[in-house]
Amino acid sequence: MESARPPGDRVRVIRYAAALVTLAATLIVAGFTTPAFVTYDNFLAIVRAASITGIVAVGMSFVTISGNFFALSAGQMAAFLGILFAVATVAGLGVPAAILLTIATAILAGILQGMVINVIGNPIITTIAFGAVFGGLAAFMSGNTLIRVHDDAALAALRFGTARPLGIPTQSWAFFALALLSWFAIRTTRVGRLITLSGASPAAAAASGLPVGLSSVIAMVIFSCGPAIVAIFSVAQFSLAKADQFSGLDIDAIASVLVGGVALRGGQGSPVQAALGALLIAVLQNFMLLRGLTAGERMTIVGLVVVIAVAGFHLAQGRRR
Amino acid sequence: MNLSAPNRDIVLRALLLVLVYLVLAWWVPNFRTPSGLAALLDAAVLTGLVAIGVGLTMIAGEMDLSVGSMAAIAGVLAIQFISAGVPLLPALLAVVLTAAIVGAIQGLLIHLLNINSLIFTIGTLIGFRGLALMLAHESTQTLPIDKLSIADSVSGHFGVLSPLSVTLVLAFLAVGFFASRTVWGREIYAIGGGRTEARSAGVSLRRPLVIAFSCSAGMAALGGALLSIRSGGATPLGYNSVLLDAVAACLIGGIALRGGRGGLAGIFVGLLTLRVVVSGVASLGAPFWAQTLASGLLLILVITGESISRTIMRRRHWHRTATAQG
């Protein structure tokens, strides 16, 4: 791999550099202009926000690398899985079994979405439709009320949601671990190479006998685990679940993948870029919040950053679709 | 029957609509009355108007994801204009024109950057939603009491028709004529059906892309503005799920995911099919979440069913030609 660098390598350096420079610039500006930004509590807030978005974004980057752009079902899937986890815990299933059930359901949801993507060939429409189904199921299972975990034994088992080993929230440890694991998986494993090659050129991959359809399914399964993990952590942290809990998750995760510079043509990029993007979005959001920007102003700026990032990376790539 | 393939396709889809209607009319007595039908059409206005525009971008082989946010901006602006004393029609015109210009710029940028419209419009989906929040100062905008007569004037009925459903039907007729009978409309089909062929035949991508995206923003704005005025208020976070319904109407109506195939008549049939199912589920007493669940499931069923049947047809066709030759 080292001897034959792919031709997109220069562009990849530009992509990493762009995300890093923007992140550094935001940190410097925020640090010098906003005293509240450089406190330990705020650091924790940023890291935790980045972790929630980042766990989903890292999973989403597999979808992007496999050539399927992005998925629009993350928020509704997280809401559904969170309610499933909370309901299972309240029903007395026990936390470990509830976690297994949630992850298994997520994997099933990923397989279904991947299969439908293969049949109809459009990941966006597939995930919009599945998002509606998950949203409906979430409202159905919760009866549109809060699901609270009261049981003392369950609450004790859920303490990992608020724990801070070595002063850093568990969510963030999970985020770092998943980002490293994903980077390792995409670079060194057969599945990673299958996803990368199928994304780079589905026709060439199919002609070489690679199971291209399987790569979309695997990518969607990996993606679906992100919302499951986020949902479990969220229930553990707040001891409750509700149907409209993750409304901004899709947008933040997609923005992270796009701003981080994962190439949307597929076949290039790494989950680390998505993780970097999540960090950048979290820092930016936090800075804007501290400066007292309204929700509308923050959203407009994030949208603008996404459009500029997408257009910029696209031009750097040489305008090919 | 000696019908051409596109005509046979739409007849089949219309038969499906009639079938779905008859099944639900069996259960829901309200569906059998003229006023029930009028309510059906009224409830289809927002989805229908948005579907016209999104359908055009899909025919062009692209897709505008930003329509929901655009409808929210339009709703907020329309309420603010009318509250400020602008009469109904100038207010609507101003909102729709502004949106159409923004949409045209969006189409132009997509053309100039030669960028995938799904990726570009996910950015504007976020940005426009933020703008809607900013314009509304983060709060729900409502019409003052002395302007509520304007809301009433929009929601009145003459016979089974309301001003809104008439607007919907007129919009379908106008855009349908434009898309199928004018050169500029055929260009949209051309760049969707075979972009490489269209380009080598000398069709520029710029005009069709600008028109399709301008139309999709304008139609979304018209829908958002009309619905907000009718309900007397607009929330900047509204119209979130309209994209799903509009895309569902288009796909049920036979718009091809790859572009170039399908038409406005098909979208209308698809829209009615979707609304019959969703309203049917609603009037059977199912809670609101069942409606999103129904449109999501319907969409998945229709698109997978269609893809699978297409594959089977193609195989059979291939077999037939293979045996004929062998």
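Residues numbered from 1 in each chain as written. Chains lettered and ligands numbered in written order. Predicted model: local features only at pLDDT ≥ 70, side-chain atom pairs only at ≥ 80, totals over all residues. Heavy atoms only, no water.

1. Some words on the overall build of chain B
Using the following cut-off: Strands here are runs of E lasting at least two residues and helices are runs of H or I lasting at least four, both read from the DSSP assignment and numbered beginning at the N terminus. For the radius of gyration, the atom set is restricted to C-alpha positions; the globular benchmark scales as 2.2 Å times the number of residues to the power 0.38. The buried label goes to any residue with under 20% of its type's maximum accessible area, the exposed label to any with over 50%, and the partly exposed label to all in between, with areas taken from a 1.4 Å probe on protein chains only. In this description, accessible areas are obtained by the Shrake-Rupley approach with a 1.4 Å probe, and a residue is regarded as covered only by the protein chains that are shown. For the purpose of counting charges, residues Lys and Arg are taken to be positive, whereas Asp and Glu are taken to be negative. His and the chain ends are not included. Note on charges: their place is set at NZ of Lys, CZ of Arg, CG of Asp or CD of Glu.
Within chain B, the secondary structure is distributed over 14 helices and two strands. In terms of overall size, chain B behaves like a compact globule, its C-alpha atoms giving a radius of gyration of 20 Å where 326 residues would be expected to give roughly 20 Å. By principal-axis analysis of the C-alpha atoms, chain B measures approximately 80 × 55 × 30 Å. Taking all 326 residues of chain B together, 54% fall into the buried category. Accessible surface for chain B amounts to roughly 14,400 Å². Of this, 68% is attributable to carbon and sulfur atoms. Averaging the coordinates of the 20 positive side-chain charges in chain B and doing the same for the 11 negative ones gives two points 13 Å apart.

2. Considerations on the interface of chain A and chain B
We apply this condition: Contacts are assigned to residue pairs with any non-hydrogen atoms lying within 4.5 Å of each other. Note on terms: buried area is the combined drop in 1.4 Å-probe accessible area of two parts once they are placed together, counting the loss on both. Basic side-chain nitrogens of Lys or Arg form a salt bridge, by our definition, when they fall within 4 Å of a carboxyl oxygen of Asp or Glu. Under the rule applied, a polar contact is a pair of N or O atoms within 3.5 Å (in protein, one hydrogen donor and one hydrogen acceptor; residues adjacent in sequence only if both atoms are side-chain atoms). Residues are grouped as follows: Ala, Val, Leu, Ile, Met, Phe, Trp, Tyr, Cys and Pro are nonpolar; Asp, Glu, Lys and Arg are charged; every other residue, Gly included, is polar.
If you look at the interface, chain A gives 39 residues, while chain B gives 43 residues. Between chain A and chain B, the buried area comes to about 3,500 Å², and carbon and sulfur atoms account for 80% of it. Across the chain A-chain B interface, the total number found is zero salt bridges. Counting the contacts that link chain A with chain B gives seven residue pairs in polar contact (both at pLDDT 80 or more). Only α4 (95–120), α5 (123–142), α11 (249–260) and α13 (295–317) of chain A provide two or more residues apiece to the side of chain A that touches chain B. Here the element with the most residues in the side of chain A that touches chain B is α13(A); it accounts for 13 residues. Across the side of chain A that touches chain B, the residue classes break down as 28 nonpolar, eight polar and three charged.

3. Regarding the nonpolar core
To keep it simple, the criterion reads: We define a nonpolar core as any set of buried Ala, Val, Leu, Ile, Met, Phe, Trp, Tyr and Cys residues linked to one another through side-chain atoms lying within 4.5 Å.
Met60(A), Phe70(A) and Leu49(B) are the most contacted members of the largest nonpolar core, which has 207 residues in total. For this core, the element with the highest residue contribution is helix α11 (residues 206–231) of chain B, accounting for 14 residues. If we ignore the near neighbours within four places in the chain, the residues touching Phe70(A) are Met60(A), Val63(A), Pro123(A), Ile124(A), Thr127(A), Ile254(A), Leu264(A), Leu118(B), Ile119(B) and Ile122(B).

4. Brief notes about the side chain of Asp250(A)
Assignment of secondary structure puts Asp250(A) in helix α11. Notably, Asp250(A) is buried but unbridged: the nearest opposite-charge side chain belongs to Arg129(B), and the N-O separation is 12 Å. There is a polar contact of 2.8 Å between the side chain of Asp250(A) and the backbone nitrogen of Ala74(A). If we skip the residues at most four places from it in the chain, Asp250(A) touches Ala71(A), Leu72(A), Ser73(A), Ala74(A), Gly75(A) and Gln76(A).

5. Here we look at the pattern of salt bridges
Residue and element names in this part refer to chain B. For the coordinates displayed, the defined rule picks out four salt bridges over all chains. Two residues, Glu187 and Arg207, come together in a salt bridge whose shortest N-O distance is 2.7 Å. Residue Glu187 is found in helix α9 (residues 183–193), and its partner Arg207 is found in helix α11; the two are separated by 20 residues along the sequence. Relative accessible area serves as the criterion here: at 11%, Glu187 is assigned to the buried category. One connected set of salt bridges, linked through shared partners, spans Asp9, Arg13 and Glu306.

6. Observations concerning the packing of aromatic side chains
Just so we agree on the cut-off: Note on ring pairs: Phe, Tyr and Trp rings are taken, using the six-membered ring of Trp, and paired if centres are within 6.5 Å. Classes follow the plane angle, with under 30 degrees stacked, over 60 edge-to-face and the rest tilted. Only lysine NZ and arginine CZ atoms are considered, and such an atom sits over a ring when it is within 6 Å of the ring centre and within 35 degrees of the ring normal.
Per the counting criterion, the structure on display carries five aromatic pairs over all chains. Taking the centre distance of 5.7 Å and the plane angle of 35 degrees together, the rings of Phe175(A) and Phe176(A) count as tilted. Overall, the relative accessible area of 4% leaves Phe175(A) in the buried class. Ring centres 4.9 Å apart and planes at 70 degrees place the aromatic pair Phe172(B) and Phe268(B) in the edge-to-face group. Highlighted residues: Phe172(B) in helix α8 (residues 163–181) and Phe268(B) in helix α13 (residues 264–283), separated in sequence by 96 residues. With a relative accessible area of 7%, Phe172(B) lands in the buried category. Grouping aromatic residues by their ring pairs yields a cluster made of Phe80(A), Phe130(A) and Phe134(A). We note Arg186(B) situated over the ring of Tyr189(B); from NZ or CZ to the ring centre the distance is 4.4 Å.

7. Quick notes on unusual backbone geometry
In this model, Phe69(A) sits at a positive phi of 55 degrees, which is unusual for a non-glycine residue. Secondary-structure assignment places Phe69(A) in the loop between α2 (40–65) and α3 (74–90). Here Phe69(A) falls in the buried class, since its relative accessible area comes to 17%. With a phi close to 55 degrees, Tyr239(B) is a non-glycine residue in the positive phi region. Assignment of secondary structure puts Tyr239(B) in the loop between β2 (233–234) and α12 (242–252).

8. Quick look at the packing of α3(A) against α5(A)
The description of two helices packed together rests on the angle between their axes and the distance between the axes. All names here are of chain A. Put simply, the test is: Helix axes are fitted to C-alpha atoms over the stretch in contact, other axes to C-alpha atoms as well, and angles between N-to-C directions run from 0 to 180 degrees. Here is the rule for angles: anything less than 35 degrees is roughly parallel, anything more than 145 is roughly antiparallel, 65 through 115 is roughly perpendicular, and the remaining ranges are oblique. By convention, the crossing between two helices is left-handed when the near helix turns anticlockwise from the far helix through less than a right angle, and right-handed when the turn is clockwise.
Remark: α3 packs on α5, axes separated minimally by 8 Å, with the N-to-C direction vectors making an angle of 30 degrees. The angle between α3 and α5 places the two elements in the roughly parallel class. Remark: the crossing between α3 and α5 carries left-handed chirality. On the side of α3, the interface is formed by Gln76, Met77, Ala79, Phe80, Ile83, Leu84 and Val87, while α5 contributes Gly131, Ala132, Phe134, Gly135, Leu137, Ala138, Met141 and Ser142. Of the residues in the contact of α3 with α5, the class split is 11 nonpolar, four polar and no charged.

9. Thoughts on the packing of helix α2 (residues 34–43) of chain B against α13(B)
Residues and elements named next belong to chain B. Where α2 contacts α13, the axes come no closer than 10 Å and their chain directions differ by 115 degrees. By the angle between their directions, the pair α2 and α13 is classed as roughly perpendicular. Judged by the twist between their axes, the crossing of α2 over α13 is right-handed. Between α2, through Leu40, Leu41 and Ala43, and α13, the contact on the second element is made entirely by Phe268, Leu272, Arg275, Val276 and Ser279. Tallied by class, residues from the contact of α2 with α13 come to six nonpolar, one polar and one charged.

Distances and angles like these do not, on their own, reveal function.
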